[in-house]
2 protein chains.
Amino acid sequence: MTGSPLPMVVPDGGLPTRVRIHEVGPRDGLQNEKATVPTEVKAEFVRRLADAGLTTIEATSFVHPKWVPQLADAEQLYPRVADLPVALPVLVPNERGLDRALALGADRVAVFASASESFARANLNRSMDEALAMFEPVVTRGKAAGVHVRGYLSMCFGDPWEGEVPIPQVVHVCRVLLDMGCDELSLGDTIGVGTAGHVSALLTALTEAGVPVSALGVHFHDTYGQALANTLTALRHGVTTVDASAGGLGGCPYARSATGNLATEDLVWMLRGLGVDTGVDLGRLTATSVWMAGQLGRPSPSRTVRALSHQES
Amino acid sequence: MTGSPLPMVVPDGGLPTRVRIHEVGPRDGLQNEKATVPTEVKAEFVRRLADAGLTTIEATSFVHPKWVPQLADAEQLYPRVADLPVALPVLVPNERGLDRALALGADRVAVFASASESFARANLNRSMDEALAMFEPVVTRGKAAGVHVRGYLSMCFGDPWEGEVPIPQVVHVCRVLLDMGCDELSLGDTIGVGTAGHVSALLTALTEAGVPVSALGVHFHDTYGQALANTLTALRHGVTTVDASAGGLGGCPYARSATGNLATEDLVWMLRGLGVDTGVDLGRLTATSVWMAGQLGRPSPSRTVRALSHQES
């Protein structure tokens, strides 16, 4: 069989000309792995992603090792990749994490908040606003240190406890995080339940509330297969920052409450077909995910990775 | 864990209020199975799909058993399901197949054409127009017998030989099939390479050529994960007939040139979230696909089926 392994390029109206992919594989993808991935393999993963053209790669998390032992090597990993000519944001759950990241020279950090009242109650025994207030010193000190601060907002489209999360509640949390000083927000569909109309309604409500779309990224999970349709909808609303995970890495893609990140390759396939520039070399990226799947000992859940890596079968 | 296994309903603008799902699982889904599925299991599959609310179920193919031995029991299967209160189209590759279908009282048939010149050359050693002419007596005799005729048009977005299939060529083939008397066309992305802009461009070109969108269905494959985003795009162009396969049944979803049908459950999840009526009970449909996966001895590739059937894991 012959033929091109790339889609025909046919632009569509109303879409941005360029999208910045916020690659979360090394952090969000690996944090739920049962096996401990060696630090050097993680560093090689980040290097290969950069070599494939990704310009923003979330490298690790400065969370307490007790909570996420898979990323306990953040201090060892970060210096190994810090010289790469790409943005390398790191997750910092609290001031202690911020201190650790700043001590290593990190210039981009991210905090992880939730739009769900039930999440705050169940996990922190606080109200949502009380939980959000916990992030204020992290954001304030991060901004004072001159670093770029991203705010993750999980459970924007539903949560495992209350089910539906009201749109005005999500808008409120976005405003609080931006008012704290966050440079960018990532709207997360953590349990993957959202559909395209919900995405439209949330982005419309945020725009009407004065939130600039340039400050918004989207983070969809493919739990119910909706991630790419939702992403396309967000692009039609002017969003130009899209989170994705190389090879679709991230927890169990089939458990309702777990992850199942949008695969970067599936996203790149769509954007390339639409003529939207990402700077990513799909062949190199796919090869990276195939290599990483070998390290993890199981196939990638990305449809594009599977199709391209079995193309002669 | 608690919470609803259904998406929050948030309609979006510019979409139809109702979509008719053309369920292809029993025919397109099973025709590539290595194992022979017993006729009674196939009949039960069709019955369960009807019970889940699907109103159009492509039951089988009256193709020569030498070519598709998996469907060699068409004469035995059709009478077992013919009394169901749903539309039961059957594939007829030629006049002999039409004769067999008409003899059993079938009132809906489908022919399977291709938009690819190379396909005609490679498979039939004819030009595309010569290949299309072969269908004329089937369509003409079908219409004369008073049956509804669907024309499948494969390779609309690319083929494994020539790669890109020009849009004007697809428009030409559509016009030829409609002029023959086809009541409905199904635009197939057989190798799954198409992206949303390509879908927009083809549907725009067809509309401009005078093809009524009401005569068009779409048939996307999820080989590169694009099927649902492409379907959403088609809905925005007014398409209201969407082909899908329960549980994503159909060949190897990961081989480039093979199938990987859009899973009906993933489609229903999106449409339900968008407030688009399909009449399908997602729980019953998922249970049917779980049952069928058990018959076939391997898990469904549908993300929604996996998420819902492992919801307590």
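Cut-offs and rules
Residues numbered from 1 in each chain as written. Chains lettered and ligands numbered in written order. Predicted model: local features only at pLDDT ≥ 70, side-chain atom pairs only at ≥ 80, totals over all residues. Heavy atoms only, no water. UniProt positions renumbered as here; feature names shortened; annotations may be inferred. Helix = DSSP H or I, 4+ residues; strand = E, 2+ residues; numbered from the N terminus. Rg over C-alpha atoms; globule rule 2.2 N^0.38 Å. Buried < 20%, exposed > 50% of the residue type's maximum accessible area, 1.4 Å probe, protein only. Contact = heavy atoms within 4.5 Å. Areas by Shrake-Rupley, 256 points an atom, 1.4 Å probe, with all protein chains shown as cover. Lys, Arg positive; Asp, Glu negative; His and termini not counted. Charge placed at Lys NZ, Arg CZ, Asp CG, Glu CD. Pairing = 2+ DSSP bridges. Polar contact = N/O pair within 3.5 Å; in protein donor to acceptor, adjacent residues only side chain to side chain. Phe/Tyr/Trp six-rings, centres within 6.5 Å; stacked < 30°, edge-to-face > 60°. Lys NZ or Arg CZ within 6 Å of the ring centre and 35° of its normal. Axes fitted to C-alpha atoms, helices over the stretch in contact; angles between N-to-C directions. Parallel < 35°, antiparallel > 145°, perpendicular 65-115°, else oblique. Left-handed = near helix turned anticlockwise from the far one by under 90°. Nonpolar A, V, L, I, M, F, W, Y, C, P; charged D, E, K, R; others polar. Right-handed = clockwise from strand over helix to strand, strands pointing away. Core = buried A, V, L, I, M, F, W, Y, C linked by side-chain atoms within 4.5 Å. Domains from an automatic or database assignment. Salt bridge = Lys/Arg side-chain N within 4 Å of Asp/Glu carboxyl O.

- Per an unreviewed UniProt entry, chain A goes by the name Hydroxymethylglutaryl-CoA lyase and belongs to Streptomyces flavalbus.
- Here is the UniProt Sequence similarities (unreviewed entry) comment for chain A, exactly as written: "Belongs to the HMG-CoA lyase family."

**Notes on the overall build of chain A**
Step number 1: Along its length, chain A carries 13 helices and nine strands.
Step number 2: Computed over the C-alpha atoms, the radius of gyration of chain A is 18 Å, within 12% of the 20 Å expected from 2.2 N^0.38 for a compact globule of 313 residues.
Step number 3: Counting every position in chain A, which comprises 313 residues, the buried fraction comes to 62%.
Step number 4: Long-range contacts, defined here as pairs at least 24 residues apart, represent 76% of the contacts in chain A between residues at least 6 apart.
Step number 5: As presented, chain A carries roughly 10,800 Å² of accessible surface, and 53% of it is formed by carbon and sulfur atoms.
Step number 6: Charge-centre separation for chain A: the mean point of 25 positive side chains lies 4 Å from the mean point of 33 negative side chains.

**Details of the sheet that holds strand β2 (residues 56-57) of chain B**
Residue and element names in this part refer to chain B.
Step number 1: One open sheet accounts for nine strands, arranged β2-β1-β9-β8-β7-β6-β5-β4-β3; its pairing is parallel. With partners counted over all chains shown, the strands left at the sheet margins are β2 and β3 (60-61), one partner each.
Step number 2: In this structure, strand β7 (residues 184-189) lies alongside strand β8 (residues 216-220), joined through five bridges in parallel fashion. By the bridge assignment for β8, L187 is matched with V218.

**Regarding the sheet that holds strand β8 (residues 216-220) of chain A**
All names here are of chain A.
Step number 1: As summarised here, the arrangement of the nine strands in space is β2-β1-β9-β8-β7-β6-β5-β4-β3, forming an open sheet in which the pairing is parallel. At either margin of the open sheet sits one strand with a lone partner, and together these are β2 (56-57) and β3 (60-61).
Step number 2: By the bridge criterion, two bridges tie strand β1 (residues 20-23) to β2 in an arrangement that is parallel. Counted as the bridge partner of H22 is T56 from β2.

**Observations regarding helix α5 (residues 117-124) of chain A**
Step number 1: The N-cap of α5(A), judged by a side-chain oxygen 3.3 Å from the amide nitrogen of A:S118 a few residues on, is A:S116.
Step number 2: With its phi angle positive at about 55°, A:N125 sits one or two positions after the end of α5(A).

**Description of the packing of aromatic side chains**
Step number 1: Per the stated rule, a full pass over the model turns up six aromatic pairs over all chains.
Step number 2: Look at A:F157 and A:F220: their rings are 5.8 Å apart centre to centre, the planes differ by 55°, and that puts the pair in the tilted class. Within this pair, whereas A:F157 is found in the loop between β6 (148-154) and α8 (167-180), its partner A:F220 is found in strand β8, the two being separated by 63 residues in sequence. In terms of burial, A:F157 and A:F220 fall into one category: buried.
Step number 3: Here A:Y224 and B:W269 contribute two aromatic rings whose centre-to-centre distance is 3.8 Å and whose plane-to-plane angle is 15°, an arrangement assigned as stacked. Placement of A:Y224 in the loop between β8 and α10 (227-236) and of B:W269 in helix α11 (residues 264-273) is noted, with the two residues assigned to different chains. One exposure class covers both A:Y224 and B:W269, and it is buried.
Step number 4: Seen from the ring of A:Y152, A:R150 lies directly overhead, with NZ or CZ sitting 5.0 Å from the centre.

**Section: the packing of helix α9 (residues 196-208) of chain A against α10(A)**
Residue and element names in this part refer to chain A.
Step number 1: The geometry of α9 relative to α10 is characterised by a closest axis approach of 9 Å and an angle of 30° between their N-to-C directions. Relative to α10, the element α9 lies roughly parallel. Crossing geometry of α9 relative to α10 is assigned as right-handed. Side by side, α9 and α10 meet where A196, V199, S200 and L203 of the first sit next to N230, T233 and A234 of the second.
Step number 2: Looking at side-chain class alone, the contact of α9 with α10 contains four nonpolar, three polar and no charged residues.

**Focus: the pairing of β7(B)**
Residues and elements named next belong to chain B.
Step number 1: Buried residues dominate β7, accounting for six of its six residues.
Step number 2: Residues E184, S186 and G188 of β7 are buried on one face, and the alternating residues L185, L187 and D189, pointing to the opposite face, are buried as well.
Step number 3: With respect to chirality, the unit in which β7 leads through helix α9 (residues 196-208) into the neighbouring parallel β8 is right-handed.

**Describing the environment of A:M270**
Step number 1: The residue A:M270 is located in helix α11 (residues 264-273) in this model.
Step number 2: On the accessibility criterion, A:M270 (0% relative accessible area) is buried.
Step number 3: Sequence separation between A:M270 and A:T207 is 63 residues, and the spatial gap between their C-alpha atoms is 25 Å.
Step number 4: The residues touching A:M270, leaving out its near neighbours within four places in the chain, are A:L228, A:T231, A:L232, A:L235, B:T195, B:Q226 and B:A229.

**Topic: the nonpolar core**
The nonpolar side chains of a soluble globular protein tend to be buried with one another.
Step number 1: In this structure, A:L153 and B:L153 are the most contacted members of the largest nonpolar core, which totals 188 residues.
Step number 2: Looking at which domains feed residues into this core, each of domain 1 (17-62 + 83-88 + 245-313) and domain 2 (107-238) of chain B supplies at least three.
Step number 3: Other than its neighbours up to four places away in sequence, A:L153 contacts A:A113, A:S114, A:A115, A:V170, A:V173, A:C174, A:L177, A:S186, A:L187 and A:G188.

**Quick notes on unusual backbone geometry**
Most peptide bonds adopt trans geometry, and most residues besides glycine take a negative phi value.
Residues and elements named next belong to chain A.
Step number 1: With a phi angle near 60°, M155 is a residue other than glycine that sits in the positive phi range.
Step number 2: Summarising the element assignment, M155 is placed in the loop between β6 and α8.
Step number 3: By relative accessible area, M155 is classed as buried at 7%.

**Regarding the pattern of salt bridges**
Step number 1: With the rule as written, the count across this model stands at 42 salt bridges over all chains.
Step number 2: Close ionic contact of A:E58 with A:R27 constitutes a salt bridge, the shortest N to O distance being 2.7 Å. Of this pair, A:E58 sits in the loop between β2 and β3 while A:R27 is found in helix α1 (residues 25-29), placing the two residues 31 residues apart along the sequence. Each of the two residues, A:E58 as well as A:R27, counts as buried.
Step number 3: Taking the shortest distance from any N to any O, the salt bridge between B:E95 and B:R141 comes out at 3.1 Å. Residue B:E95 is located in helix α4 (residues 95-103), and its partner B:R141 is located in helix α7 (residues 136-144); the two are separated by 46 residues in the primary sequence.
Step number 4: Residue class for B:E95 comes out partly exposed when judged on its relative accessible area of 34%.

**Some words on the packing of helix α2 (residues 39-51) of chain A against helix α3 (residues 74-81) of chain A**
Residues and elements named next belong to chain A.
Step number 1: Running from N to C, α2 and α3 point in directions that differ by 35°, and their axes come no closer than 9 Å. In this structure, the crossing between α2 and α3 has a hand that is right-handed. Residue-level inspection shows T39, E40, K42, A43, V46 and R47 of α2 in contact with α3, the latter providing Q76, L77, R80 and V81.
Step number 2: A breakdown of the residues in the contact of α2 with α3 according to their chemical character gives four nonpolar, two polar and four charged.

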